[in-house]
Amino acid sequence: MKFDVTIIGSGPGGYVAAIRCAQLGMNTALVERYPTLGGTCLNVGCIPSKALLDSSWHFFNARINFRQHGIETGNVSVNLQQMIKRKDDVVKQTCDGVRYLMKKNKITVFHGHGSFIDKNRIKIGYSEGKKEIIEIAKTIIATGSKPSALPGVTIDKLRIITSTEALSIREIPSHFIVIGGGIIGVELGSVFSRLGSKVTILEFLDSLVPGMDRTLAGELEKVLRKQGIEIFLNHKVTGSKNTGKGVTVSTKNKEGVIREFHGDYCLVAVGRSPYTQNLGLENAGVKTDAKGRVAVNQNLETTATGIYAIGDVIGGAMLAHKAEEEGIFVAELLASQKPHINYHAIPAVVYTHPEVAGVGYTEEELKAINKKYKTGNFPFRASGRARASMETEGLVKVLAAADTDEILGVHIIGPRASDMIAEAVVALEYRASAEDIARTCHAHPTFTEAFKEACMDATGKRAIHV
Ligand code: FAD
Ligand code: NAI
């Protein structure tokens, strides 16, 4: 069997690449070691975590916020089994959707472990011990990532767990300890805090969600603390033990003070590592970098001609939409088109409540490169729509070039930030100035007016509603 393109891994990078290759007329194969398609994102990442974030937010709203809206519910309680079942149903529908798309696009799917025999052949190993060999012309490696481990912490998947186990947990923890205040930590910490667990986040650095603009990180810390989440910054986790009925987590802070935290579950969320296990990269001459990521050039081609790599397995942000963009990029490149990816305009979103979203340069990055900038802010408490919805926490922050007024970065913490950031992405992609957005009509009353007002603030401090 020979294909024009063979893609290893069916996550958002791999399956999107497969569809685009097929659309462009290539005879395409997709190799996936698990029985379902969709990778981390659909099975144990983006989709199930958002399903539980939504369900837990409904519960929190009913318990805490409804009364103020004049809605009396009486006692509300959680049926965790049903909540997890709904999440599983959503995952199944989404994964089945990908299978349908493969069929529709006439993509040949192999469910087995792919590994390079050499530059021209891939072996597909099946669980029952059988194997199959296919000849390859072009190959795209899209094997994604796995949770990173931490020295002194053995993940037993019972009490000391990763996001995968947390998403299918069988009981609501009474005290949920989270190692790492990154994106997974604050999202899953929020889920269990809303469901009634005591949640403690232990973060090594001096801020949550490192990498995002510090203003947002500071605001997020405030709102999460207000929601009852305990946060210990500058606390490096040095070890963790399953004590049978619970867990003990040890930390050392900046001053060298050692502490122990006791809970019933501990989530390890200290980042993810590229997954290239048993892929036979060396057989094909594909090299990895010091961090184990597949090394690629600007065309996302590896050190072996004709073998490309995309998504979490290479460098850059570990985000589903980044993997998708790269999948489309390589497919179009293989079809001799001239695609491009603007990595500067890839948004990042944290699905806490309120949501956090950013695109472009952070203020810290602009300072580091010595770029002169001006800032515009608009708080949601000054937005009529936000008051009507009782969603007044947060702000929009716009960073624009001091000389040209070009928008360099947009950072939002507030209601529907995940959707609002799309306008900022378009602004960055088309190199809009803050003045351009300030002069664009935004429907009233919408949350997006806050973006316009922040741009008005950036251009001559002329926001209307503050
Ligand atoms: P993956 O999705 O990891 O897919 C790789 C696939 O390759 C897997 O199915 C794997 O089984 C398969 N594979 C690996 N090796 C082989 C082999 N040798 N043979 C055959 N198959 C193989 N990102 C967002 O943008 N938004 C979010 O809201 C978001 N939420 C997340 C929540 C959680 C809890 C987690 C863990 C991640 C989240 N992410 C989110 C990150 C996102 O899931 C990843 O960035 C994305 O899945 C990467 O896509 P990928 O295609 O590179 O790899
Ligand atoms: P992360 O990189 O976002 O955060 C890991 C955190 O752990 C960091 O803040 C780090 O300082 C901390 N840490 C490391 N060692 C520590 C120690 N010994 N003690 C205490 N803290 C320690 O990684 P995370 O949260 O595991 O997520 C992995 C990836 O998944 C992210 O890179 C993200 O891109 C992706 N993801 C994206 C989501 C989204 O887009 N909404 C949601 C969830 C995950």
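Let us look at the structure shown here. Being a predicted model, the structure only gives us computed values, none of them experimental. (Residues numbered from 1 in each chain as written. Chains lettered and ligands numbered in written order. Predicted model: local features only at pLDDT ≥ 70, side-chain atom pairs only at ≥ 80, totals over all residues. Heavy atoms only, no water.)

Moving on: the packing of helix α1 (residues 12-23) against helix α9 (residues 320-334). Each pair of packed helices can be described by the angle between their axes along with the distance between the axes. One can describe the packing of α1 onto α9 by two numbers: an axis separation of 7 Å at closest approach and a directional angle of 30 degrees. On the basis of their axis angle, the class for α1 and α9 is roughly parallel. Our pair here, α1 against α9, has a crossing hand that is right-handed. Contacts between α1 and α9 involve P12, G13, V16, A17, R20 and C21 from the former and A320, A323, E324, G327, I328, A331 and E332 from the latter. (Axes fitted to C-alpha atoms, helices over the stretch in contact; angles between N-to-C directions. Helix = DSSP H or I, 4+ residues; strand = E, 2+ residues; numbered from the N terminus. Parallel < 35°, antiparallel > 145°, perpendicular 65-115°, else oblique. Left-handed = near helix turned anticlockwise from the far one by under 90°. Contact = heavy atoms within 4.5 Å.)

Neighbouring ligand 2 are 24 residues, the closest being E203, V237, G271, M318 and V349. E187 places a side-chain nitrogen or oxygen 2.9 Å from a nitrogen atom of ligand 2. The separation between an oxygen atom of ligand 2 and a polar main-chain atom of M318 is 2.7 Å. Contact with the protein chains removes 81% of the 840 Å² of surface that ligand 2 exposes when unbound. (Near = heavy atom within 4 Å. Polar contact = N/O pair within 3.5 Å; in protein donor to acceptor, adjacent residues only side chain to side chain. Areas by Shrake-Rupley, 256 points an atom, 1.4 Å probe, with all protein chains shown as cover.)

Turning our attention to the sheet that holds strand β11 (residues 230-232). With parallel pairing, five strands are arranged side by side in an open sheet as β8-β15-β9-β10-β11. One side of each edge strand has no neighbouring strand; the edge strands of this open sheet are β8 (160-161) and β11. As judged from the five bridges shared by strand β9 (residues 175-179) and strand β10 (residues 198-202), these two strands associate in the parallel manner. When the sheet's bridge partners are listed, H175 is paired in β10 with K198. (Pairing = 2+ DSSP bridges.)

Taken together, 39 residues surround ligand 1, and among them E32, T40, K50, G114 and D312 come closest. Note that an oxygen atom of ligand 1 is positioned 2.6 Å from one of the side-chain N or O atoms of E32. A distance of 3.2 Å is found between an oxygen atom of ligand 1 and a backbone nitrogen or oxygen belonging to L319. Within the complex, the protein chains bury 95% of what would otherwise be the 1,000 Å² of accessible surface of ligand 1. Looking at the shell around ligand 1, the elements that each hand over two or more residues are α1, β2 (28-32), α2 (39-44), α3 (46-65), β4 (113-118) and α9. In terms of residue count, the dominant contributor to the shell around ligand 1 is α2 (four residues). Of the residues contributing to the shell around ligand 1, the split by class is 16 nonpolar, 18 polar and five charged. (Nonpolar A, V, L, I, M, F, W, Y, C, P; charged D, E, K, R; others polar.)

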